[in-house]
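Fold and geometry: a report
Take a look at the letters that make up each chain.
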Amino acid sequence: MLKIGCHLSISKGFKAIGKEALKIQANTFQFFTRNPRGSKAKAIDPKDAEALLMLMNEKQFAPILAHAPYTLNACSPEEKTREFAVQVMADDMVRMEYLPNNLYNFHPGTHGGQGSEEGIRQIIVQLNTLLKPEQTTTVLLETMSGKGTEVGRTFEELRQILDGVILSEKMGVCLDTCHIYDAGYDIVNDLDGVLDHFDQIIGLERLYAIHLNDSMNQKGSHKDRHAKIGEGSIGLKAITEIINHPKLRHLPFFLETPNDVSGYAQEIALLRGAYDK
Ligand code: FE
Ligand code: FE
Ligand code: ZN
């Protein structure tokens, strides 16, 4: 069974989002831990979290994926911004334990002219302050398109971060199809080659989730504009190969395409139909 979901809003609470996912034939979902631009997070209602866990168990959900706010920057040249990032992420880690054994994804950051080496060093410092041996959450680095001074534009950069983290077993990678295509990885004509390269540099066992997006731009554009499935430069044929690939097909796929909930429902139906039984 294809594990697929989309980005949904948690404004109505955890159980409500689980039910919304079921309504659109999803068996997982992604959500922002707090306003994607702000820092204020709603207090967690433990009963609501428990209700979601029961629903997920009953309906055999795949792990769910929390996404850190976009504004977090663990490698900002500003010390205050870095401190803020580590505070917010530490708070998110505590909150994630109400939903144990799930996934938390973040953008490694933008180095703002310090250079990627220094950026990577700072991200490692932050993760080493943040991760706790007792946590059950796996923290994922997202592959980035390389716009501006983004860190994480190559598999090698992500590998360097993983290598520096002491509790490395708490870390993994979330591969965003739009981002890696925009970063220059040819998943349209050479998916096998890209996955072999990922395996050599990072290791496929570190891959926990896929952000499944088409791209509005061309390979190597370093742009990062998501398109609806089948309406971008990656296209439905390549996306069908991605969800069916023997090295990927067991993973949870998360749509972050420009859609409302009914548009997501249509894409989920389309992809379920394209998944080999
Ligand atoms: Fe993201
Ligand atoms: Fe993404
Ligand atoms: Zn993106």
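The shown structure was predicted, so the numbers you read here are calculated from the model rather than taken from an experiment. (Residues numbered from 1 in each chain as written. Chains lettered and ligands numbered in written order. Predicted model: local features only at pLDDT ≥ 70, side-chain atom pairs only at ≥ 80, totals over all residues. Heavy atoms only, no water.)

1. Describing the coordination of the zinc ion (ligand 3)
Applicable threshold: Coordinating donors are taken as N, O and S atoms within 2.8 Å of the metal, stretched to 3.2 Å for Na, K and Ca; because water is absent from the atoms, sites can appear incomplete. Each residue is assigned to one of three classes by its accessible area relative to the maximum for its type, calculated with a 1.4 Å probe on protein chains only: buried under 20%, partly exposed between the two thresholds, exposed over 50%.
Coordination of the zinc ion (ligand 3) by the protein is provided by H179 (NE2), D224 (OD) and H226 (NE2), with metal-donor distances spanning 2.0 to 2.3 Å. Linear spacing of the donor residues for the zinc ion (ligand 3) on their chain is H-x44-D-x1-H. The distance between the zinc ion (ligand 3) and the iron ion (ligand 1) is 5.4 Å. Residue class for D224 comes out buried when judged on its relative accessible area of 16%.

2. Observations concerning the environment of A41
Operational definition: By definition, any uninterrupted DSSP run of H or I lasting at least four residues is a helix, any uninterrupted run of E lasting at least two residues is a strand, and each is numbered from the N terminus. Should any heavy atoms of two residues lie within 4.5 Å, those residues are considered in contact.
Here A41 lies in the loop between β2 (30–32) and α2 (46–58). Classification of A41 as partly exposed rests on a relative accessible area of 26%. Residues A41 and V88, 47 residues apart in the sequence, show an inter-C-alpha distance of 9.3 Å. Discounting residues that sit within four places of it in the chain, A41 has contacts with T33, R34 and R95.

3. Quick word on the packing of helix α8 (residues 235–244) against helix α9 (residues 261–274)
For clarity, the threshold we go by: An axis is simply a line fitted to the C-alpha atoms; with a helix, the fit covers only the stretch in contact. Between two such axes, the angle follows the N-to-C directions and lies from 0 to 180 degrees. Throughout this description, any angle smaller than 35 degrees is read as roughly parallel, any larger than 145 degrees as roughly antiparallel, any in the 65 to 115 degree range as roughly perpendicular, and the remainder as oblique. In this scheme the crossing of two helices becomes right-handed for a clockwise turn of the near helix relative to the far one and left-handed for an anticlockwise turn of less than a right angle.
Here α8 crosses α9 at 65°, and the two axes come no closer than 10 Å. In terms of orientation, α8 and α9 fall into the roughly perpendicular class. Seen along the crossing, α8 lies across α9 with a hand that is right-handed. Here L236, I239, T240, I243 and N244 of α8 lie close against α9, whose contacting residues are L270, L271 and A274.

4. Some words on the pattern of salt bridges
How we decide: Salt bridge criterion: a side-chain nitrogen from Lys or Arg within 4 Å of a carboxyl oxygen from Asp or Glu.
A complete count under the given rule lists nine salt bridges for this structure. Between D92 and R34 there is a salt bridge, with the nearest N and O atoms lying 2.5 Å from each other. Remark: R34 occurs in the loop between β2 and α2 and D92 occurs in helix α3 (residues 79–96); sequence separation between them is 58 residues. Of the two residues examined, D92 and R34, each falls in the buried class.

5. Some details on the coordination of the iron ion (ligand 2)
The criterion, for reference: Just to be clear on the cut-offs, tetrahedral is four donors with all angles between 85 and 135 degrees, square planar is four donors and octahedral six with opposite donors over 155 degrees apart and all others between 65 and 115, and anything else goes down as irregular.
Around the iron ion (ligand 2), the protein supplies E142 (OE), D176 (OD), H211 (ND1) and E256 (OE) as donor atoms, at distances of 2.0 to 2.2 Å. One way to put it: the four donor atoms around the iron ion (ligand 2) meet at angles of 83 to 171°, and that makes the site irregular. Along the chain, the residues donating to the iron ion (ligand 2) are arranged with the sequence spacing E-x33-D-x34-H-x44-E. The two metals, the iron ion (ligand 2) and the iron ion (ligand 1), are separated by 3.3 Å and share E142 as a common coordinating residue. Residue D176 is located in strand β8 (residues 171–176), and its partner E256 is located in the loop between β12 (253–255) and α9; the two are separated by 80 residues in the primary sequence.

6. Quick notes on the state of the cysteines
Basically, it comes down to this: Disulfides are defined as pairs of cysteine sulfur atoms found within 2.5 Å of each other.
As enumerated under the stated definition, the model contains zero disulfides in all. The thiol of C174 is unpaired, and the distance to the nearest cysteine sulfur, on C178, comes to 12 Å. With relative accessibility at 0%, the residue C174 sits in the buried group.

7. A few points about unusual backbone geometry
The phi torsion at Q25 lies on the positive side, around 65°, for a residue other than glycine. Of note, Q25 is situated in the loop between α1 (14–23) and β2. A residue is classified by how much of its surface remains accessible, and Q25, at 53% relative accessible area, is exposed. Its identity is not glycine, yet D224 carries a phi of approximately 70°, on the positive side. Structurally, the position occupied by D224 is in the loop between β10 (214–215) and β11 (226–227).

8. Description of the nonpolar core
This is how the line gets drawn: Residues grouped as a nonpolar core are buried Ala, Val, Leu, Ile, Met, Phe, Trp, Tyr and Cys residues, joined through side-chain atoms within 4.5 Å.
Grouped together as the largest cluster of nonpolar side chains are 78 residues, with contacts concentrated most on Y104, L127, I161 and L212. No other element matches the six residues that α3 contributes to this core. By size, the runner-up hydrophobic cluster in this structure holds six residues, among which are L65, L103, C174 and A209.

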